[in-house]
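# Results of the structural survey
Given next are the chains, with one letter for each unit.
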Amino acid sequence: NCCTIDWFSEWSEEALTSVAKRFFKETELATLEASMLNAVVRTVVILHQSVYKVSTRFYSQLRRYNYVSPTNFLELLGGFIAL
């Protein structure tokens, strides 16, 4: 069977923001001023959304998939914290 199911759907900006805030709340980043923490959250959301948009363009131009999933976003958050 050569069937592929596309289960990767885009999260809304609100969902990404909520997950990032909750994820960062349990780290050292929680000690930042609210405006700085919001800037960090906004940055990771923009990064993830940008990759999703570029992946869509990548497919339309080259017919090659680059899947962007919620797991990728969680890995991005983990990597950002590791910095």
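First, a word on scope: everything that follows refers to the structure included in this document. These numbers were taken from a predicted model, which means no experiment stands behind them.

Moving on: the packing of aromatic side chains. Following the criterion strictly, the structure yields four aromatic pairs and no others. Here Trp11 and Phe73 contribute two aromatic rings whose centre-to-centre distance is 6.3 Å and whose plane-to-plane angle is 70°, an arrangement assigned as edge-to-face. Of this pair, Trp11 sits in the segment before helix H1 (13–25) while Phe73 sits in helix H3 (residues 70–82), and the two are 62 residues apart along the sequence. Among the aromatic residues, ring-to-ring pairing joins Tyr59, Tyr65 and Tyr67 into one connected group.

A complete count under the given rule lists one salt bridge for this structure. Note that Arg42 and Glu13 form a salt bridge whose closest N and O atoms lie 2.7 Å from each other. Pair noted here: Arg42 is in helix H2 (residues 34–62) and Glu13 is in helix H1, with a separation of 29 residues, a long-range link. On the accessibility criterion, Glu13 (37% relative accessible area) is partly exposed.

Conventions we followed
Residues numbered from 1 in each chain as written. Predicted model: local features only at pLDDT ≥ 70, side-chain atom pairs only at ≥ 80, totals over all residues. Heavy atoms only, no water. Phe/Tyr/Trp six-rings, centres within 6.5 Å; stacked < 30°, edge-to-face > 60°. Helix = DSSP H or I, 4+ residues; strand = E, 2+ residues; numbered from the N terminus. Salt bridge = Lys/Arg side-chain N within 4 Å of Asp/Glu carboxyl O. Buried < 20%, exposed > 50% of the residue type's maximum accessible area, 1.4 Å probe, protein only.

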